[in-house]
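Residue strings, one per chain:
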Amino acid sequence: MYKLNQIIQALFKLLLVLIGATFLLALILRLLPGSPADFYTNAFDEQGRQEQIKSLGLDRNVFSSYLHWLFDFVRGDFGPFFMSGGSTRPTSTIIWESVPRSLLIMLYVQILSLLISIPLGLITAYRADKAADRVISTALFTGSAIPGFALALALGYYLGVRLQLLPTLGYVPISEGFGEHLKHLVLPVLSLSIPLCASYARILRSEIISTLRQDFVTMAVSKGISNSRVLVKHVLRPSSTSLITTAALNMGGLIGGTVIIDQIFALGGLGQQITFAVFARQYLALQSYIALIAVAFIIFTVVSDALIGIVDPRTRNRNA
Amino acid sequence: MLRNLGFFSKISFAWLSLMLFFAIAGPLLPLPDPSEFSDALGAGIFTSGHLLGTDLNGYDLFANIVVGSRNSLFIAIISVGLGSLLGGILGIAAGYLRGKTDYVLTIFFNIFLSIPNLILSLVLIAVLATSPDPTQTVADSRRLVVIIISLTIVIIPILGRITRGSTLAWTNAEFVVAAKSMGMKDLMIIRRHIIPNVLPSIYAVAFLAIGIVIVVEGALSLLGIGVGQGISWGSMLARSQGDLEYAPTSLFVPLTFLALTVIACNQIGDALRQHLDSRESKL
């Protein structure tokens, strides 16, 4: 049985992390040289400026202006995004536009990575230290070490510019045609997936190798169950806990951490909005973006813990 | 220890040594001036006089790589060195003292780790290397310092968490418990028993961290907030990103050097970790 106490304690820690991360940002942003008025506002006259500052709670000290932002954030009000030239957009509309894109891309990346890495993990573990394993493992190692933007630039050049096979810029929503949508996402998804599925397969391989040494596997084999059936039915499930944890940890990073891939392929996801906010000096919007990533990080951590409990019942009594 | 390493680790070691040699002895090598134009624009590799070709401005790519290795490795080694030192101290404190110190430090590490590392350094650089007047730019030397500081801040929690875990494991080891029960002072135990045992895992992660820092530096340059006018592999990438169609070599040469260096760092870090694992399983 789950211990309620432990869950509450774990959630409390995660909440502390969330508040800490956003407060840290608020603090860092207060270190900016000059007054907040120079950065956060875009009104032309002094009076308009003062009003904007007041409405954002920036005339108060760090703590109370942070609380001001926090209460707005919890209520779903992500603050204004001041465009140059005096116009203002609510940050929430930007979030509604970019987050679904990022989530969709993340979903494709995870599906593709898991689809490729699970068979590779099974093969390399089953043929551990044989020729096939050596070759695949070396390739996987190299794949996991290549920086994502190097892949993005190289793939973009060969597949996009040289062979003219795929578009290299922009995002097409599903509503404008699913084929076109997928076509625009092939390059970014590939350049995010290759390093990811390489590291997934490596994790799976080492887990499977240690599971294969356990008694219940010997038992299953001695009962005459075929090797492939033992691998898929008996070994894969208890070996997948580390993979689930790693995949969940990557989710948060993939939503906003793909800044550079977003930028290279001009996808308009949350990553690109983060860069834009940094350069437009919209630090309050930035604070909301990063808070969202931290929330996602926490949600996926909790979900993965629950998933592990379902996949591997042995962990349920273990201390969290 | 080098003798025990596999084939790939040896190659990686050789590659990193070569890069270090470039970084240290670069100016002494008989190479074209990295900031001098030549008539060959966008030449391919192995063109006469230009070993790795030139970019669209006619700059010699090999000379730029050699000069750039200095900035790229300098940033990586300093920030990882500082980060490992501070992260190591905090990690040992958390793992050895446990209790409240551990609780607070772990939450502190998790706070930093919950912000993706590229975004954290992006924000830090944006904040620390910004002048109040948007029309004025910040001096390059200050930029370099800011980049190193922000990358150090990114590295501290990564190293801190690993060191904490390793310290926790060693604190429970019998010889540490024995030393404690014999009345050995805590600082002495840490110096004699904890640090020598924790150091190898710090080394292993530090190599991985060097890889991370090189990638982040490249990414920052691609976003346009790298080392300013100075030459680094990242800034070479940023400069030639737009010339991809006309002079692909000017992009692929720095990309290859960067990727190979990161792969070499990962390979060595990984080999060190495996070496450690097998040592610990024998205990």
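Throughout this description, residue numbers start from 1 for each chain and increase along the sequence as written. Think of it this way: whatever chain is written first is A, whatever ligand is written first is 1, and the rest follow in order. Side-chain atom pairs in this predicted model are given and counted only at pLDDT of 80 or more, local residue features only at pLDDT of at least 70, and totals for whole chains, interfaces and linings cover all residues. Based on all heavy atoms of the structure, the side-chain values leave hydrogens and waters out of the count.

**A short note on the overall build of chain A**
Convention followed: Here a strand is any run of E in DSSP of at least two residues, a helix any run of H or I of at least four, and the numbering for each starts at the N terminus. The buried label applies to any residue whose accessible area, calculated with a 1.4 Å probe on protein chains only, is under 20% of its type's maximum; exposed applies above 50%, and partly exposed to all values in between. We call two residues in contact whenever any of their non-hydrogen atoms come within 4.5 Å of each other. Calculation of accessible area relied on Shrake-Rupley with a 1.4 Å probe; when residues are assessed, cover is drawn exclusively from the protein chains displayed.
Check the secondary structure of chain A and you find 14 helices and two strands. Taken over 320 residues, chain A has a buried fraction of 46%. Within chain A, counting contacts between residues at least 6 apart in sequence, those at least 24 apart form 70% of the total. Within the structure as shown, chain A displays about 15700 Å² of accessible surface, and the carbon and sulfur contribution to it stands at 65%.

**Considerations on the overall build of chain B**
Across its full length, chain B holds nine helices and zero strands. Of the regular secondary structure in chain B, the N- to C-terminal order runs α-α-α-α-α-α-α-α-α. Scored against the burial criterion, the 283 residues of chain B give a buried share of 54%. Taking contacts inside chain B between residues at least 6 apart in sequence as the whole, the part at least 24 apart equals 70%.

**Re the interface of chain A and chain B**
Which entries qualify depends on this criterion: The quantity reported as buried area is the accessible area (1.4 Å probe) lost by two parts once they are put together, taken as the sum for both. One speaks of a salt bridge when a side-chain nitrogen belonging to Lys or Arg is within 4 Å of a carboxyl oxygen belonging to Asp or Glu. N or O atoms closer than or at 3.5 Å make up a polar contact, with two conditions inside protein: a donor-capable atom paired with an acceptor-capable one, and, for residues adjacent in sequence, both atoms drawn from side chains.
Residue-level contacts link 48 residues of chain A with 41 residues of chain B. Carbon and sulfur atoms make up 85% of the surface buried where chain A meets chain B, a total of about 3800 Å² over both sides. Among the residues chain A hides against chain B, the three largest losses belong to A:Phe141, A:Phe149 and A:Leu153. Together they make up 15% of the total. Taken together, the connections running from chain A to chain B amount to one salt bridge. Across the pair B:Asp270 and A:Arg202 runs a salt bridge, and its minimum N-O distance is 3.2 Å. Where chain A meets chain B, there are one residue pair in polar contact (both at pLDDT 80 or more).

**A word on a nonpolar patch on the surface**
All names here are of chain A. Rules: Candidate patch residues must exceed 30% relative accessible area and have no salt bridge, after which like charges are joined if within 9 Å and Val, Leu, Ile, Met, Phe, Trp or Tyr side chains if within 5 Å.
A cluster of nonpolar side chains, Leu4, Ile7, Ile8, Leu11 and Val302, forms an exposed patch at the surface whose accessible area comes to about 440 Å². Residue contributions to the nonpolar patch peak at four residues, all from helix H1 (residues 4-30). Structurally, the position occupied by Val302 is in helix H14 (residues 283-311).

**Quick look at the confidence of the model for chain B**
To keep things clear, this is the line we draw: You can read pLDDT as the predictor saying how much it trusts each residue, on a scale of 0 to 100.
The pLDDT averaged across chain B works out to 82; a share of 84% of its residues lies at or above 70. Reported for the predicted complex are a pTM of 0.83 and an ipTM of 0.78.

**Points about the nonpolar core**
Condition: The nonpolar core is taken to be a set of buried Ala, Val, Leu, Ile, Met, Phe, Trp, Tyr and Cys residues, with the residues joined through side-chain atoms within 4.5 Å.
Of all hydrophobic cores here, the largest spans 150 residues; its most connected members are A:Phe149, A:Ile260, A:Leu286, A:Tyr289, B:Val123 and B:Ile194. Of the residues forming this core, the biggest block, 17 residues, is contributed by helix H7 (residues 186-222) of chain B. Ignoring anything within four residues of it in the chain, the contact list for A:Leu286 reads A:Ile274, A:Ala277, A:Val278 and B:Val123.

**Details of the packing of helix H3 (residues 99-113) of chain B against helix H5 (residues 140-171) of chain B**
Residues and elements named next belong to chain B. Applicable threshold: In this description, a line fitted to the C-alpha atoms serves as the axis of each element, helices being fitted only across the stretch in contact, and the angle between N-to-C directions of two axes falls anywhere from 0 to 180 degrees. We call two directions roughly parallel when the angle between them is under 35 degrees, roughly antiparallel when it is over 145, roughly perpendicular when it lies between 65 and 115, and oblique otherwise. The crossing is said to be left-handed when, going from far helix to near helix, the turn is anticlockwise and less than a right angle, and right-handed when the turn is clockwise. Each residue is assigned to one of three groups, with Ala, Val, Leu, Ile, Met, Phe, Trp, Tyr, Cys and Pro labelled nonpolar, Asp, Glu, Lys and Arg labelled charged, and all others, Gly among them, labelled polar.
Between H3 and H5, the shortest axis-to-axis distance is 9 Å and the interhelical angle comes to 135 degrees. In terms of their interaxial angle, H3 and H5 are classed as oblique. Remark: the crossing between H3 and H5 carries left-handed chirality. Across the interface between the two elements, Asp102, Thr106, Phe109, Asn110, Phe112 and Leu113 of H3 pack against Ile153, Pro157, Ile158, Gly160, Arg161 and Arg164 of H5. Partitioned by chemical class, the residues of the contact of H3 with H5 number six nonpolar, three polar and three charged.

**Here we look at the pattern of salt bridges**
All names here are of chain A. Going through the model one piece at a time under the given rule, you end up with five salt bridges over all chains. The partner of Arg205 in a salt bridge is Asp133, with the nearest N and O atoms 2.9 Å apart. Taken together, the residues Arg205 in helix H8 (residues 178-212) and Asp133 in helix H6 (residues 131-145) connect sequence positions 72 residues apart. The class of Asp133 is buried, set by a relative accessible area of 3%.

**Some remarks on unusual backbone geometry**
The backbone of A:Asp129 shows a phi angle near 65 degrees, a positive value even though the residue is not glycine. Following the sequence through the fold, A:Asp129 ends up in the loop between helix H5 (91-126) and H6. Not every positive phi belongs to a glycine, and B:Arg98 is a case in point at roughly 50 degrees. Mapped onto the fold, B:Arg98 is located in the loop between helix H2 (61-97) and H3.

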